[in-house]
Each structure stands twice: as C-alpha cells, then as structure tokens.
Amino acid sequence: EAQVTQNPRYLITVTGKKLTVTCSQNMNHEYMSWYRQDPGLGLRQIYYSMNVEVTDKGDVPEGYKVSRKEKRNFPLILESPSPNQTSLYFCASRTGLANYGYTFGSGTRLTVV
Amino acid sequence: DQQVKQNSPSLSVQEGRISILNCDYTNSMFDYFLWYKKYPAEGPTFLISISSIKDKNEDGRFTVFLNKSAKHLSLHIVPSQPGDSAVYFCAARSQTGANNLFFGTGTRLTVIP
C-alpha cells in the first residue's frame, strides 16, 4: 500500500530533551515536507526537501532540523524542544507532477511540558 | 498574514443536498489550488485540484470552481453523503515557491442523515 509512515503517533516530552520524529514513504517520491497544524492557523510548512541531500526552510523552521540522506526517509529533529512546539505534525510526500497534491502521513501529536 | 482564508469554520448540510465550501486567497502568484479532506486522527487526503488557467474541474461528486478576478474558489459536493463529514482544507501553491502549499484554517462539514 502506498503510504507515508511517521512515528511515533503520540509523544510527550520535557523541555530541552532532544527528539526525532521519523517519516518514511514507499512511493519513490522526490519531494517531502513537514507541516505543523495549530488551531486557527491551518497547516504551516516547516521544512521541505526536493531530493536526497536537498532541503530548504519553509515558513516556520525555527527550532527544527531535517535531513534527507535517503530518498524514502525525512526525519524531523527537535534539538531542544520548547512548549511552543506542542503541535500536530504531518509529514508529506509528492511526485514532481504539478497537479498532484502531497500525500500526508497520519500525524504525530507532540506535547512539550 | 493568512494568504489562504476559509472564513466559515463549520457548515451543516442535509444528506442529498449540495455542500458549498468557500476559500479566498490574496496572492496572485498562486498557480494551483487544492482541496484536502481530513478525518479525525488521520492525515489530510488530497481530494481535487485546479490549475489557475482553468475555472472549473470536476471529479465525480466533487467540483471546484475558480474565480481568479475575485481570488475566490469553492468546492461543491453533490449529493452530500454522511461519509463526507470531515474538515476540508483549501490549499494553494505559489509559482515562486513550488514546494510549499499555503493552507486555510479549514471548514468542518457535517452532513446530517
């Protein structure tokens, strides 16, 4: 089944403790992206990647890091999480075709206390 | 500043009737518009898209209309079914930032049996 898999689904952590949210896609998509969803703000892009070793900042990159060492994986790293990073996170991937939207994972709900 | 706006947080419609979800945008550089549907505890699912060179795109029960002069698009669902109950996000892609989708804040559609 074609899908984007992200783990974990739920995570509660403490301020300052480094964490990684993994994302993997099995569709051989070139483009991958991370979004966060917050009430009243919709989804906002954190980082995106056009291919292996090619990443760039989205609208809200502060406090996050990403890497794209393999085509299928695009982990999101929070080096020192803070409470304002409590959010619902989505990983997504797509082909290079213009009229195709992103395929999203099921989401990771992160709480930083 | 929100470049894509969905001013109706919620909409209720009787089963079998038409559902009309609206979206406004401010950036004239947007060249593709997409609608996503989101069920609780799942990621957004791509529904339908439209290029800025068109004014209508139809896929089964779903039709998207684009009015470029008004910077307005709408999603029509006919006939509405209880399974259509979900949150619908409007999204737009900029020619200058092709890897980012700008999302609205969503409209929760409830189809009443």
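Scoring rules and cut-offs
Residues numbered from 1 in each chain as written. Chains lettered and ligands numbered in written order. Predicted model: local features only at pLDDT ≥ 70, side-chain atom pairs only at ≥ 80, totals over all residues. Heavy atoms only, no water. Pairing = 2+ DSSP bridges. Helix = DSSP H or I, 4+ residues; strand = E, 2+ residues; numbered from the N terminus. 1 Å grid on protein atoms, 1.4 Å probe; cavity = no way out; pocket = protein on both sides within 12 Å on 5 of 7 lines; lining within 4 Å. Points joined across faces, edges and corners; volume = space filled by probe spheres on them. Nonpolar A, V, L, I, M, F, W, Y, C, P; charged D, E, K, R; others polar. Phe/Tyr/Trp six-rings, centres within 6.5 Å; stacked < 30°, edge-to-face > 60°. Buried < 20%, exposed > 50% of the residue type's maximum accessible area, 1.4 Å probe, protein only. Lys NZ or Arg CZ within 6 Å of the ring centre and 35° of its normal.

Participant: Looking at this model, I keep getting lost on the sheet that holds strand β3 (residues 19-25) of chain B. Mind explaining?
Facilitator: Strand-to-strand pairing in sheets goes through backbone hydrogen bonds, with the strands running parallel or antiparallel. All names here are of chain B. Read across the open sheet, the 5 strands follow the order β1-β3-β8-β7-β6; overall the sheet is antiparallel. Two strands in the sheet have a free side with no partner beyond their single neighbour: β1 (4-5) and β6 (56-59). Examined bridge by bridge, strand β7 (residues 62-67) and strand β8 (residues 72-77) share 6 bridges and lie antiparallel to one another. Bridge pairing links Val64 to Leu75 in β8.

Participant: Just to check I follow, could you spell out the environment of Phe90(A) for this structure?
Facilitator: Assignment of secondary structure puts Phe90(A) in strand β9 (residues 87-94). Through-space distance from the C-alpha of Phe90(A) to that of Leu76(A) is 10 Å; in sequence the pair is 14 residues apart.

Participant: Explanation requested: the sheet that holds strand β3 (residues 19-25) of chain A in the structure shown.
Facilitator: All names here are of chain A. Taken in spatial order, the 4 strands make up an open sheet running β1-β3-β8-β7, and their pairing is antiparallel. Edge positions in the open sheet fall to β1 (4-7) and β7 (65-66), since each of these has one partner strand only. One ladder, built from 2 bridges, connects β7 with strand β8 (residues 76-78); its direction is antiparallel. Opposite Val66, over in β8, you have Leu76 as the bridge partner.

Participant: What should I look at first to understand the layout of surface pockets in this one?
Facilitator: Empty space among the atoms becomes visible once a probe the size of a water molecule is rolled across them. The computed volume of the largest pocket comes to approximately 480 Å³. Around the largest pocket, the lining is made up of 26 residues, and of these Gln37(A), Leu88(A), Arg109(A), Lys38(B) and Arg108(B) lie nearest the centre. For the lining of the largest pocket, the elements supplying multiple residues, two or more each, are β4 (31-38) and β9 of chain A together with β9 (86-94) and β11 (107-112) of chain B. Residues that form the lining of the largest pocket fall into these classes: 11 nonpolar, 9 polar and 6 charged.

Participant: What is the right way to look at the packing of aromatic side chains in this model?
Facilitator: Each aromatic ring pair is summarised here by two numbers: the centre-to-centre distance and the angle between the ring planes. Applying the stated criterion across every chain yields a total of 15 aromatic pairs over all chains. A centroid spacing of 5.8 Å and a plane angle of 50 degrees characterise the contact between Tyr35(A) and Phe104(A), whose relative ring orientation is tilted. Placement of Tyr35(A) in strand β4 and of Phe104(A) in strand β10 (residues 103-104) is noted, with a sequence separation of 69 residues between them. Take Tyr35(A) and Phe104(A): they sit in the same class, and that class is buried. Ring centres of Phe30(B) and Phe102(B) lie 5.6 Å apart, and the angle between their planes is 45 degrees; this geometry places the pair in the tilted category. Placement of Phe30(B) in strand β4 (residues 30-38) and of Phe102(B) in strand β10 (residues 97-103) is noted, with a sequence separation of 72 residues between them. Through a chain of ring-to-ring contacts, the aromatic side chains of Tyr35(A), Phe90(A), Tyr102(A), Phe104(A), Tyr36(B), Phe46(B), Phe89(B) and Phe103(B) assemble into a single cluster. The aromatic ring of Tyr31(A) is capped on one face by Arg94(A), whose charged end is 4.1 Å from the ring centroid.

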